[in-house]
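For reference, the chains in residue letters:
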Amino acid sequence: MADIAATVETYWATAQARDWRAFGATLADDVRYELPQTRERVLGRDGVVRFNAEYLGEWSLEVERVIADGEQAVSWVRFSEDEEETQAISFFTASADGRIQTITDFWPAPYEPPREREQMVERF
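- Labelled according to an unreviewed UniProt entry, the protein chain appears under the name SnoaL-like domain-containing protein, originating from Streptomyces melanosporofaciens.

This is the structure:
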């Protein structure tokens, strides 16, 4: 089996490069991509490639961290579009041949913390 951490690194690098052929090569034929916050699901390699390739706007991403254990991995990426930056946590599982079988993406919206916590935290 291929190294899922390396496959996830390649997944993000090829997305950033807009190399959709290489991006698709990281995915199993029957990959399942889910976004729980919006309750969306995309099934199959062609659908996942199209979903990403047709994302509008000028964007870039930077991988902060990938952690893997056996057939599973999680990544943390910073995503910039225009002047806005957000962060995402993505969970991956590998297929038998080492390609990505499932992706579950969480794209939290930033928000200001409650004022009651000001004395307990340091802002960064």
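Quick look at the UniProt feature "domain: SnoaL-like" (unreviewed entry) in the protein chain
Here is step 1 of the chain: Here the UniProt feature "domain: SnoaL-like" (unreviewed entry) sits at residues 8-100.
Here is step 2 of the chain: Between the end C-alpha atoms of residues 8-100 the distance is 8 Å, and the span holds 26% helix and 49% strand.

What to know about the pattern of salt bridges
Pairing of side chains with opposite charge becomes possible as their charged atoms draw close.
Here is step 1 of the chain: Here the structure, examined in full by the defined rule, presents nine salt bridges.
Here is step 2 of the chain: Arginine 45 is paired through a salt bridge with aspartate 29; the nearest N and O atoms lie 2.6 Å apart. One end of the pair, arginine 45, is in helix H3 (residues 45-53); the other, aspartate 29, is in strand S1 (residues 27-35), and 16 residues separate them in sequence.
Here is step 3 of the chain: A salt bridge links arginine 99 to aspartate 29, with the nearest nitrogen and oxygen atoms 3.7 Å apart. Residue arginine 99 is found in the loop between strand S5 (84-94) and strand S6 (100-106), and its partner aspartate 29 is found in strand S1; the two are separated by 70 residues along the sequence.
Here is step 4 of the chain: Bridged by salt links that share partners, the residues Asp29, Arg45, Asp97 and Arg99 form one connected network.

With respect to a nonpolar patch on the surface
Here is step 1 of the chain: Taken together, the side chains of Ile89, Phe91 and Phe106 define a hydrophobic patch exposed on the protein surface, amounting to about 240 Å² of accessible area.
Here is step 2 of the chain: Examined against the element boundaries, phenylalanine 106 turns out to sit in strand S6.
Here is step 3 of the chain: Among the residues examined, phenylalanine 106 registers a relative accessible area of 31% and is labelled partly exposed.

The rules behind these values
- Residues numbered from 1 in each chain as written.
- Predicted model: local features only at pLDDT ≥ 70, side-chain atom pairs only at ≥ 80, totals over all residues.
- Heavy atoms only, no water.
- UniProt positions renumbered as here; feature names shortened; annotations may be inferred.
- Helix = DSSP H or I, 4+ residues; strand = E, 2+ residues; numbered from the N terminus.
- Salt bridge = Lys/Arg side-chain N within 4 Å of Asp/Glu carboxyl O.
- Patch = residues over 30% accessible without salt bridge, like charges linked within 9 Å, V, L, I, M, F, W, Y side chains within 5 Å.
- Areas by Shrake-Rupley, 256 points an atom, 1.4 Å probe, with all protein chains shown as cover.
- Buried < 20%, exposed > 50% of the residue type's maximum accessible area, 1.4 Å probe, protein only.

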